[in-house]
Amino acid sequence: AVSKLLQQHFVYVDIHFYFSNSSVPAFFSETKKRKNRVTHLLPSYTELAGSFSRDAQRNLQEASRHSIFFQEGGQEEAIQVFSQQMKYPGAPNRNDMERFNKLCKEFASTQQSISRSVLDKNNQLLAAIVGLTDGKRIYNLLNLTTPEGRKNSANYFLFDRLIQEWAGKRLLLDWEGSELPGVQSFYLHWGGEWEYYYHVHLNRLPPPLRWLKR
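Residues numbered from 1 in each chain as written. Predicted model: local features only at pLDDT ≥ 70, side-chain atom pairs only at ≥ 80, totals over all residues. Heavy atoms only, no water.

Visitor: Just give me the short version of the overall build of the chain, but keep the residues and values in it.
Guide: When helices and strands are tallied, the chain shows 9 helices and 8 strands. On the principal axes, the C-alpha backbone points of the chain span a range of 60 × 35 × 35 Å. Buried positions account for 42% of the 214 residues belonging to the chain. Taking all contacts inside the chain whose residues are at least 6 apart in sequence as the whole, residues at least 24 apart take part in 73%. Carbon and sulfur atoms form 51% of the exposed surface of the chain, whose accessible area is close to 12700 Å². (Helix = DSSP H or I, 4+ residues; strand = E, 2+ residues; numbered from the N terminus. Buried < 20%, exposed > 50% of the residue type's maximum accessible area, 1.4 Å probe, protein only. Contact = heavy atoms within 4.5 Å. Areas by Shrake-Rupley, 256 points an atom, 1.4 Å probe, with all protein chains shown as cover.)

Right, here's the structure in full:
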């Protein structure tokens, strides 16, 4: 079995399994159950909006008071601003972001790359999403809000317009789960449901490499 080969021949394993692999715990001892939020977009926008939280509705009212607008595109600027914001240990480095930008450009030729932005009246970026689609799901791979965008509730405006755009289609909005409570809380504003998947992390590296790869 693949699980035995991984454990016998590799001293370090870090794999996130697809949600349908429910038998993973039976084969790996070092398993963590994680969760991801998904929103089914087949209902009408009116039905979907009915499941938005009161806080989301309040933020959308706040956004309507500002001169902000939604547009298609903005991938490169979004990636650049995201890179400037993400200055914490373990954040994607410049090379990672350049590869991601190149990947999205490659998928743009087959209409599998998605980028949307929210700008103010001066064309200043306030919020953005960059993701991919396989025709079944829209994957939220990169989402950002600038400090000014937070004042205008721009990220709420962004996802409301995205849901309007894709409502009524046989698609899932895959929020690309996070274990951060604040991020999970934002996902809960948009209805949907939790989808569980498994993370296997095996670390038999010698010290000090073992400590570096926790």
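Visitor: Give a detailed account of the pattern of salt bridges, specifying residues and quantitative values.
Guide: Across all of its chains, the model carries 10 salt bridges by this definition. Its salt-bridge partner being Asp55, residue Arg58 comes within 2.5 Å of it at the nearest N-O pair. Here Asp55 and Arg58 lie together in helix α3 (residues 54-63), a separation of 3 residues that amounts to about one turn. Since its relative accessible area comes to 28%, Asp55 is described here as partly exposed. (Salt bridge = Lys/Arg side-chain N within 4 Å of Asp/Glu carboxyl O.)

Visitor: I'd like to hear about helix α4 (residues 75-85), residue by residue, with values.
Guide: For α4, every residue scored as buried is listed here: Gln75, Ala78, Ile79, Val81 and Phe82. Looking straight down α4, one finds its buried side chains confined to an arc of 165 degrees; they lie on one side. For α4, the secondary structure elements touched by its buried residues are α5 (94-108), β4 (113-120), β5 (125-133) and β6 (137-145). (Arc of directions from axis to C-beta.)

Visitor: Pulling in residues and values, what's your account of the sheet that holds strand β2 (residues 31-40)?
Guide: Overall, mixed pairing links the 8 strands, which are arranged β1-β8-β2-β7-β6-β5-β4-β3 in an open sheet. Strand pairing shows two members of the sheet lacking a second neighbour, β1 (12-16) and β3 (68-72), which therefore form its edges. Neighbouring strand axes in the sheet, compared pairwise and without regard to direction, differ in orientation by 25 degrees on average. Together, β4, β5 and β6 form the strand contacts of α5, whose direction differs from that of β5 by roughly 65 degrees. (Pairing = 2+ DSSP bridges. Axes fitted to C-alpha atoms, helices over the stretch in contact; angles between N-to-C directions.)

Visitor: Give a description of the pairing of β4 that names residues and reports values.
Guide: In terms of residue burial, β4 counts as a mostly covered element, since 8 of its 8 residues are buried. Neither face of β4 is left uncovered, since the one carrying Ser113, Ser115, Ser117 and Leu119 and the one carrying Ile114, Arg116, Val118 and Asp120 both have all their residues buried. One ladder, built from 5 bridges, connects β3 with β4; its direction is antiparallel. In the sheet register, Phe69 faces β4, and the bridge partner there is Leu119. Pairing between β4 and β5: 7 bridges, direction antiparallel. Its bridge partner lying in β5, Val118 is registered against Ala127. Where β4 folds back on β5, the antiparallel hairpin that results is connected by 4 residues, among which Asn123 adopts a positive phi of roughly 65 degrees.

Visitor: How would you sum up the pairing of β5? Please name residues and give values.
Guide: Of all 9 residues making up β5, 9 are buried, and the element is well covered by its neighbours. Where β5 lies against β6, 7 bridges are found, and the strand directions are antiparallel. Each bridged residue has a counterpart across the sheet, and for Ala128 the counterpart in β6 is Leu144. Following β5, the chain reverses through 3 residues before pairing antiparallel with β6; Gly135 in that reversal takes a positive phi of roughly 90 degrees.

Visitor: Which residues make up the packing of α4 against α5, and what values go with them?
Guide: Taken N-terminus to C-terminus, the directions of α4 and α5 make an angle of 160 degrees; their axes are 11 Å apart at the nearest point. By the angle between their axes, α4 is roughly antiparallel relative to α5. Crossing angle aside, the handedness with which α4 passes α5 is right-handed. Along the contact surface, α4 presents Gln75, Glu76, Ile79, Phe82 and Ser83, while α5 presents Met97, Phe100, Asn101, Cys104 and Lys105. (Parallel < 35°, antiparallel > 145°, perpendicular 65-115°, else oblique. Left-handed = near helix turned anticlockwise from the far one by under 90°.)

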